[in-house]
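Here is how the chains run, residue by residue.
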Amino acid sequence: MRLWLKILMVAGMTLAILVPLLLIRGTIQERQAYRHEAVRDIAANFGGHQVFGGPVLVVPYTETVEAEVVQDDGESRRVVQRRTGSWTFFPESLSIDGTLLPDTRRRGLHEVRVYQWDGAAVARFDVQLPPPEDAAASRELGRPWLSYGIADVRGLRGTPRLLAGGVAMTPLQGIGHADGPGLHVRLDAPGDGGRIVLDTRIELQLRGTEAFAMMPYGRNNDLRLASSWPHPKFEGVSPQHDMDGSGFRARWQLASVASNAQRRYLQQPSLGLSEVAAGQAWAPQPDAVSVSLVDPVNPYLQAERATKYGLLFVLLTFVGFFMFELLKRLPIHPIQYALVGLAIAIFFLLLVSLSEHVAFGLAYLGAAVACIGLIAFYLSAVLRSTARGLGFAAILAALYAALYGLLVSEDNALVLGAGLLFLILSAIMVATRKVDWYQLSARTAAARD
């Protein structure tokens, strides 16, 4: 009965350590929130997550038709009715090419990745205007405009250089219709032939934070992007890309039939760009091709992942204590269990605090050495032997090394974690395979009496 009470005590102490572990996870999430505030602060001055789309050609028109209308007195009269509207045309071919120049900005302890996109977009329009809906109607065409969507125009450096039909033009603010951030230029009204053939080119420098996306609005799209950042994360359509330690080059070639970008633009011309510009949470735009300049070692994400293994660490340590206590007949007080469990929990707090100042690997090493050294010194007295204390510390060091392997091998974390648990369970079963638990329980009870 006393053996089972001891087991329940160990289980209760393990669950009690959950409280400081949960508090430490809360601290990590709070530090992550501070970093998000730093990102928003930098984006407000440098430029946020950028989305570039265009050009799109918009042609306004007014149709005038005479119609007979029956009045209240029963007489019919001929009145002139005017209808206004616009057509939206997408380019036959669209080619966007540019380079992302990565950089970093700091706010306090937090480092944020920013970039400048030096890009150019070349498009060709060849459209035939539809005939009037009513053959008797007369139609007057207004001045069309070219529309370019930009998520955060605060990121523009200088004035973009824009050519339409070989003529240099000065862009105006806004996309020209609906509600969305960007640029537009007004063109001359088309002739009576009803056909518009136009070649356009825009060159611009656009600054942004962490993520960049392009919209494939053309019938045929050839989108290219290069950067010296070695850790890109591609979202949306997967590109053809080359990556090495010096950066990456990516290319997207897709047709309009393979994307819903045009249909979504007709439904909502801003395509959510206003929400991005307003500083709301970044989400990849539908049907956009995008890349994020990710940090391969996010200290807060790594520390949060590490805390998920905290309960396992405490449980394995308490199981080791329990085995020493039973097999070596060394009485260990519950307070001693609690102190060692707290030392393990403090490791995760040390890890996140140190990782804000040094590289994650060095922070992990420093926190592990400090906690393992403290536990080794303490257990040398608790287990009444320096060799036992150092042996237990060596086991903990192996566990910390295995945890670091899990953290840096994200793709293989599950198989490595399962293998580690299997090895630990195997070692416990091998060590206790000849133990007579009934006799051991009786000896323990007699010794206590």
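Refer to the structure printed above.
Asker: Just checking my understanding: could you explain the environment of A343 for this structure?
Answerer: Tracing the chain through its elements places A343 in helix α7 (residues 334–355). With 27 residues separating them along the chain, A343 and A370 place their C-alpha atoms 9.6 Å apart.

Asker: What's the story with helix α2 (residues 18–46) in this structure? I'm lost.
Answerer: Each turn of an α-helix holds 3.6 residues, which means side chains three or four residues apart point in the same direction. With 29 residues, α2 should cover 42 Å at 1.5 Å per step; its first-to-last C-alpha distance of 42 Å lies within 8% of that length. Along α2, the residues that are buried comprise P20, L21, I24, I28, Q32, R35, A38, V39, I42, A43 and F46.

Asker: Please explain the pairing of strand β11 (residues 195–209) as it appears in this structure.
Answerer: Every regular strand shows the same layout, with side chains that alternate between the two sheet faces. In this structure, strand β4 (residues 110–128) lies alongside β11, joined through 15 bridges in antiparallel fashion. If you follow V127 over to β11, its bridge partner there is I196. The pairing of strand β7 (residues 161–164) with β11 spans four bridges and is classified as antiparallel. Residue pairing across strands places R161 opposite E203, the latter belonging to β11.

Asker: Would you explain the packing of helix α5 (residues 299–307) against helix α9 (residues 386–408) in this entry?
Answerer: Relative orientation and spacing of two packed helices are given, respectively, by the angle between their axes and the distance between those axes. Taken N-terminus to C-terminus, the directions of α5 and α9 make an angle of 130 degrees; their axes are 10 Å apart at the nearest point. Viewed along their axes, α5 and α9 adopt a mutual orientation that is oblique. Where α5 crosses over α9, the two elements pack in a sense that is right-handed. Counting all contacts with α5, which are made through Q302, R305 and A306, the residues of α9 involved are L403, L406 and L407. Broken down by class, the residue content of the contact of α5 with α9 amounts to four nonpolar, one polar and one charged.

Asker: Help me understand the packing of aromatic side chains in this model?
Answerer: For any two aromatic rings, the description comes down to two numbers: the centre-to-centre distance and the angle of the planes. For the coordinates displayed, the defined rule picks out 15 aromatic pairs. Taking the centre distance of 5.4 Å and the plane angle of 50 degrees together, the rings of F52 and W117 count as tilted. Of this pair, F52 sits in strand β1 (residues 50–70) while W117 sits in strand β4; the two residues are 65 residues apart in sequence, bridging distant segments of the chain. On the basis of relative accessibility, which here comes to 0%, the residue F52 falls in the buried class. Ring geometry for F347 against Y364: centres 5.4 Å apart, planes inclined by 85 degrees, an arrangement best described as edge-to-face.

Calculation rules
Residues numbered from 1 in each chain as written. Predicted model: local features only at pLDDT ≥ 70, side-chain atom pairs only at ≥ 80, totals over all residues. Heavy atoms only, no water. Helix = DSSP H or I, 4+ residues; strand = E, 2+ residues; numbered from the N terminus. Expected span 1.5 Å × (residues − 1). Buried < 20%, exposed > 50% of the residue type's maximum accessible area, 1.4 Å probe, protein only. Pairing = 2+ DSSP bridges. Axes fitted to C-alpha atoms, helices over the stretch in contact; angles between N-to-C directions. Parallel < 35°, antiparallel > 145°, perpendicular 65-115°, else oblique. Left-handed = near helix turned anticlockwise from the far one by under 90°. Contact = heavy atoms within 4.5 Å. Nonpolar A, V, L, I, M, F, W, Y, C, P; charged D, E, K, R; others polar. Phe/Tyr/Trp six-rings, centres within 6.5 Å; stacked < 30°, edge-to-face > 60°.

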